[in-house]
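As a plain string of letters, each chain reads:
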Amino acid sequence: MYAITYARNRWEHHAEAGHGEERRYAPAAVAAASFPTPDVLVLGAGGVLGEAWMSGLLAGIEYAAEVDFRRCERFLGTSAGSIVAAHLASGRSPRTPGHVGEPEAPSEAAPASAFARAARRGTRLAGVLTGAAATPLAPLVLAAGAPGAALARGTVLGRLPRPTTRLGGVRTRVDRSGVRFDGRLRIAVVDRARGRRVMLGAPGAPRASVGEAVEASCAVPWIFAPVEIGGREYVDGGAWSVTNLDAAPVSARTQVLCLNPIASTGSARSPFGALRAATRAATGLEALALRRRGASVRVVGPDPSCSAIMGADLMRPERGEEVLGAAFRQGQALGASASEPPKGS
């Protein structure tokens, strides 16, 4: 699992969005850089920019350490993370910034593009333009941890206005990729009426296409319309947990890598900063639950550079390429420096 690999020598250039300048990086010759291929890859909620960060980070790690995340045994995705999980499960590599090698060409047919367009439209119609309310995080405060939490969460979700913006474009594009629930992929959603988490793709879960599951998991309750599956309505899996890490299928010695776009360093003085701190704590408890079952867990969040670009509004598609590039550089650093197996975080 911890095989030694070597990074490619390359020249890179990146036009900084809005700054009109180009940065050039010297060729990198990184010796003996290794990165453990996780058994389970958990991809959390984080809106349009969270999807860009996760994609860029994974691509950067692959580029530096030649890991192939498509070979993970299991994928678990929540909200934006479900788009990335479905992308990898379909056999496609993480999308890369336009300045790297031979990148996947930007495509209007890509699920991420459809998500960005729908987010722009949905936030405008919902009157949600800035701040933490534009992220898929706010549901975490809906009776979290309280007795009868599922019932309370369902009550609150039922009282929210019903948006009309749909993510059908995301569903169509995911299903066209050919990805299927074959035992490797699980996607977190929440039953809107009951307030309970459901892991689509898991044994005993309602039958759905992966496209339907991704659409439901991305359906931020106050921005997008709920998705009906098997006669019940489902919404964003982030309404239960930002990562749903505790639902990862693990046993003793399972290696888990969790990407949490919300977990970043920084001040907790602002409302969004406090919310980020709360999600870090929640994810830490979920990681502890897996470690008690014998799993090794590593949680990674945006570094300060990525966090500064992402800001508090994670539904701004105009910053997507800039986040993708910054995350790629963070991933390169992780891939190049991972000479030892992770010990968790």
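Below is a short write-up of the structure. Note that this is a predicted model, so its numbers are computed, not measured.

1. Observations regarding the overall build of the protein chain
Consideration 1: Helix and strand counts for the protein chain stand at nine helices and 10 strands.
Consideration 2: Of all 345 residues assigned to the protein chain, the portion counted as buried reaches 55%.
Consideration 3: Considering only intrachain contacts with a sequence separation of at least 6, the fraction spanning at least 24 residues in the protein chain is 77%.

2. Regarding the side chain of Ser 217
Consideration 1: Residue placement: Ser 217 occurs in helix H6 (residues 210-217).
Consideration 2: In this structure the side chain of Ser 217 is engaged in a polar contact, spanning 2.6 Å, whose partner is the backbone oxygen of Ala 188.
Consideration 3: Ignoring sequence-local partners within four residues, the contact set of Ser 217 consists of Gly 77, Thr 78, Ser 79, Ser 82, Ile 187, Ala 188, Val 189, Val 235, Asp 236 and Gly 237.

3. Some remarks on the nonpolar core
Consideration 1: Of all hydrophobic cores here, the largest spans 61 residues; its most connected members are Phe 35, Leu 41, Leu 43, Trp 53, Phe 69, Val 214 and Leu 259.
Consideration 2: The element contributing the most residues to this core is helix H1 (residues 47-65), with nine residues.
Consideration 3: If sequence neighbours within four positions are ignored, Leu 41 has contacts with Leu 58, Phe 69, Cys 72, Arg 74, Phe 75, Leu 76, Leu 88 and Leu 257.
Consideration 4: Counting 17 residues, the second largest nonpolar core, distinct from the first, contains Leu 76, Ala 188, Leu 245 and Ala 248.

4. Observations concerning H1
Consideration 1: The end-to-end C-alpha distance of H1, which contains 19 residues, comes to 27 Å, matching closely the 27 Å that a straight helix rising 1.5 Å per residue would cover.
Consideration 2: Judged by how many residues are buried, H1 sits mostly within the fold: 19 of 19 residues are covered.
Consideration 3: In the segment just after H1, Glu 66 is the residue with positive phi, at about 60°.

5. Observations regarding unusual backbone geometry
In most cases, non-glycine residues show a negative phi, while peptide bonds are predominantly trans.
Consideration 1: Positive phi outside glycine occurs at Asn 244, with the angle close to 55°.
Consideration 2: Inspection of the secondary structure puts Asn 244 in the loop between strand E8 (232-236) and strand E9 (255-259).
Consideration 3: Overall, the relative accessible area of 0% leaves Asn 244 in the buried class.
Consideration 4: Notably, Arg 253 is not glycine yet its phi reads approximately 75°, a positive angle.

6. Examining the packing of helix H2 (residues 80-89) against H6
Consideration 1: Put simply, H2 and H6 touch, their axes get as near as 8 Å, and they point 155° apart. Of the possible angle classes, the one that applies to H2 and H6 is roughly antiparallel. Both H2 and H6 take part in a crossing whose hand is left-handed. Here H2 contributes Ser 82, Ile 83 and Ala 86 to the contact with H6, which in turn contributes Val 210, Val 214 and Ser 217.
Consideration 2: When the residues that make up the contact of H2 with H6 are grouped by side-chain class, the tally is four nonpolar, two polar and no charged.

7. Focus on the pairing of strand E4 (residues 74-78)
Consideration 1: Counting buried residues in E4 gives four out of five residues, a clear majority hidden from the surface.
Consideration 2: Bridge count between strand E3 (residues 40-43) and E4: four bridges; the pairing is parallel. The residue bridging Val 42 from the neighbouring strand is Leu 76, located in E4.
Consideration 3: As a crossover connection, the stretch from E3 through H1 into E4 is right-handed.
Consideration 4: Inspection of the sheet shows E4 paired to strand E5 (residues 185-191) by four bridges, in the parallel sense. Bridging from a neighbouring strand, Thr 78 pairs with Ala 188 of E5.

How each quantity is defined
Residues numbered from 1 in each chain as written. Predicted model: local features only at pLDDT ≥ 70, side-chain atom pairs only at ≥ 80, totals over all residues. Heavy atoms only, no water. Helix = DSSP H or I, 4+ residues; strand = E, 2+ residues; numbered from the N terminus. Buried < 20%, exposed > 50% of the residue type's maximum accessible area, 1.4 Å probe, protein only. Contact = heavy atoms within 4.5 Å. Polar contact = N/O pair within 3.5 Å; in protein donor to acceptor, adjacent residues only side chain to side chain. Core = buried A, V, L, I, M, F, W, Y, C linked by side-chain atoms within 4.5 Å. Expected span 1.5 Å × (residues − 1). Axes fitted to C-alpha atoms, helices over the stretch in contact; angles between N-to-C directions. Parallel < 35°, antiparallel > 145°, perpendicular 65-115°, else oblique. Left-handed = near helix turned anticlockwise from the far one by under 90°. Nonpolar A, V, L, I, M, F, W, Y, C, P; charged D, E, K, R; others polar. Pairing = 2+ DSSP bridges. Right-handed = clockwise from strand over helix to strand, strands pointing away.

The values reported here are purely geometric and, on their own, carry no functional implication.
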